[in-house]
Amino acid sequence: MEVDSQEEYNKRRPVMCKFPYSGVTINPDGHFVPCCNAPHVNLGHLSKVESLKKFINSHEQGMLRDKFNKSEWPSACRVCKTRREEGKPALMDHMADKYIDWSDKNFIADNYDVKYLEFTPSNACNASCSTCGSKFSSKWVTLDQEAVRQGLEYRNPTWESRATGTNYSMSEQDYEKILEVIPTVKFLMLKGGEPLADKRNIKLLEKIRDEKIDCKVNMITNLSMMNDKILDLMKAIPQFHMSVSMDGLYEQYNWIRSTDFDNVVGKLNKWYMATGKAVNVLTTMSIYNFFNMEEQIKYFTRMESVSMMKLLLTAHPTYITPHMIPQHMIDELNTKHAQSIWCTKHPKLERNKNLLNFTSWETTSPDRFKENKSRVLSWMNFVNKQRGFNIEDHVPELNKVKTYYEKF
């Protein structure tokens, strides 16, 4: 069933995504996935295809298009489906409609070009965020191996997990496949690992600058590796923008993300002073920073160098999600957030529905809540030892969570 007009698209919009028609997403381990919202759905590996052009027109991506053309949800798209059913914004709303220009040809063409590309050439990273793992950060490889030696079996490598226990770096032959499609790409999302930790990303930015390629570039970065040379390079690309990952404040941030809070804030402001471009702050809400979200919102939205703060929710790994906070504590936070104009109506805050009317797995998924209690505690203890200080000293509410777990 073909979709042949903007009007028809609007009718079908509840079950329609532009990604399969225009976009390619590649994980830090080289696997194709439908999008970053389905990182565990394997559509193949970059090393096994001749080109990205052939991949986007392949059977694997075509199966997704076939479903959407019939106004059906692909099984891989359950996250967006659930959010739509709950009346919440889905990734397909935030990304596809915003970044990929609409054309009827997206749906009726005989073949498709790669207009949106999201990738990283490796899992190279200079940080060991407590919410991450070796699949997305090279810093976690030896740490995940040590965690397993200490008995944290849930850090064993699996396809679904963030812990692979190995490093990955795209071969030069595969990287050439990336360079081959850059002239058709209209929106390039550089992600990590940490993009600035892989020199090939720098060379790619130099190519875009030197060849004056008409491409919007958004880089998701922890910003800690930015220096004056990199700043000048990014500044020279007219359509370059940044999203900076910031979870928590001060020592809380240092524990969650392992890099230095003051250093990153300083570089964020330096970028703004040099370019006049404000950045998006991406805050991943976890059990470690959910208790003081209002304070984080106040801090970042007050910054002139921040254009928007986006609240991202993690449900995986299951032992770091705020869903593991007991329901009675969540109820108190829900009341606080509902009464706060910072959390409900601030113009620089996006995806605040992820914060409001929150629920605990204690209520919605009791078995999962019970199963993950010990993992919450053992993982917190493991990261405490790696950091050399305790997160509970900076987020005292976590002591109440621990006490409640013991009584549960």
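Residues numbered from 1 in each chain as written. Predicted model: local features only at pLDDT ≥ 70, side-chain atom pairs only at ≥ 80, totals over all residues. Heavy atoms only, no water.

(A) Representation of the sheet that holds strand E3 (residues 116-119) in the model. Pairing is mixed in the open sheet, where 9 strands are placed in the order E2-E1-E3-E4-E5-E6-E7-E8-E9. Each having just a single partner strand, strand E2 (32-33) and strand E9 (349-350) make up the two edges of the open sheet. With 4 bridges joining them, E3 and strand E4 (residues 187-190) adopt parallel strand pairing. When the bridges of E4 are listed, glutamate 118 appears paired with methionine 189. Sheet strands touched by helix H13 (residues 261-275): strand E6 (240-245), strand E7 (279-285) and strand E8 (306-313). Its angle to E6, the strand with the most contacts, is close to 160°. (Pairing = 2+ DSSP bridges. Helix = DSSP H or I, 4+ residues; strand = E, 2+ residues; numbered from the N terminus. Contact = heavy atoms within 4.5 Å. Axes fitted to C-alpha atoms, helices over the stretch in contact; angles between N-to-C directions.)

(B) Here's a closer look at the pattern of salt bridges. Applying the stated rule across the entire model yields 20 salt bridges. A salt bridge links glutamate 118 to lysine 191; its shortest N-O distance comes to 3.3 Å. Highlighted residues: glutamate 118 in strand E3 and lysine 191 in the loop between E4 and helix H10 (199-210), separated in sequence by 73 residues. A single burial state applies to glutamate 118 and to lysine 191, both of which are buried. Among the salt bridges present, the one from glutamate 295 reaches lysine 336, with a minimum N-O distance of 3.5 Å. Taken together, the residues span a long stretch of sequence, with glutamate 295 in helix H14 (residues 293-301) and lysine 336 in helix H15 (residues 327-338) at a distance of 41 residues. Each of Glu172, Asp198 and Arg200 takes part in a single network of salt bridges with overlapping partners. (Salt bridge = Lys/Arg side-chain N within 4 Å of Asp/Glu carboxyl O. Buried < 20%, exposed > 50% of the residue type's maximum accessible area, 1.4 Å probe, protein only.)

(C) Molecular detail of the nonpolar core. Leu117, Phe119, Leu188 and Trp379 are the most contacted members of the largest nonpolar core, which has 114 residues in total. Tallying contributions element by element places helix H18 (residues 366-387) first for this core, with 6 residues. The residues touching phenylalanine 119, leaving out its near neighbours within four places in the chain, are Ile26, Met170, Tyr175, Ile178, Leu188, Met189, Leu190, Lys191, Asn201 and Leu204. (Core = buried A, V, L, I, M, F, W, Y, C linked by side-chain atoms within 4.5 Å.)

(D) Seen up close, helix H5 (residues 78-85). What H5 keeps buried is the set Cys80, Arg83 and Arg84. Along the axis of H5, the buried residues cluster in a sector spanning 100°; they form a single face. In H5, the exposed positions angled more than 90 degrees off the buried face are occupied by Arg78 and Glu85. Glycine 87 sits one or two positions beyond H5 and adopts a positive phi of about 75°. (Arc of directions from axis to C-beta.)

(E) The packing of aromatic side chains, seen in detail. Applying the stated criterion to the full structure yields 18 aromatic pairs. Taking the centre distance of 5.5 Å and the plane angle of 65° together, the rings of tyrosine 253 and phenylalanine 261 count as edge-to-face. For the residue pair tyrosine 253 and phenylalanine 261, the accessibility class agrees, reading buried in each case. Ring centres 4.8 Å apart and planes at 45° place the aromatic pair phenylalanine 290 and phenylalanine 358 in the tilted group. Of the two residues, phenylalanine 290 is situated in the loop between E7 and H14 and phenylalanine 358 in the loop between E9 and helix H17 (361-364); the sequence distance between them amounts to 68 residues. A residue is classified by how much of its surface remains accessible, and phenylalanine 358, at 5% relative accessible area, is buried. Through a chain of ring-to-ring contacts, three or more aromatic side chains come together here, namely Trp140, Tyr154, Tyr319, Trp379 and Phe382. For the cation-ring pair, arginine 200 lies above tyrosine 175, with the distance from its terminal atom to the ring centre recorded as 5.5 Å. (Phe/Tyr/Trp six-rings, centres within 6.5 Å; stacked < 30°, edge-to-face > 60°. Lys NZ or Arg CZ within 6 Å of the ring centre and 35° of its normal.)

(F) Expanded view of the packing of H10 against helix H11 (residues 228-235). Running from N to C, H10 and H11 point in directions that differ by 40°, and their axes come no closer than 9 Å. Handedness of the H10/H11 crossing: left-handed. Contact with H10, carried on its side by Ile202, Leu205, Glu206 and Arg209, involves Ile230, Leu233 and Met234 of H11 and no other residues of that element. Here the residues of the contact of H10 with H11 sort into 5 nonpolar, no polar and 2 charged. (Left-handed = near helix turned anticlockwise from the far one by under 90°. Nonpolar A, V, L, I, M, F, W, Y, C, P; charged D, E, K, R; others polar.)

(G) How the structure looks around the side chain of serine 286. The topology assignment puts serine 286 in the loop between E7 and H14. Serine 286 has contacts with Thr131, Thr314, Ile320 and Pro322, leaving out every residue within four places of it along the chain.

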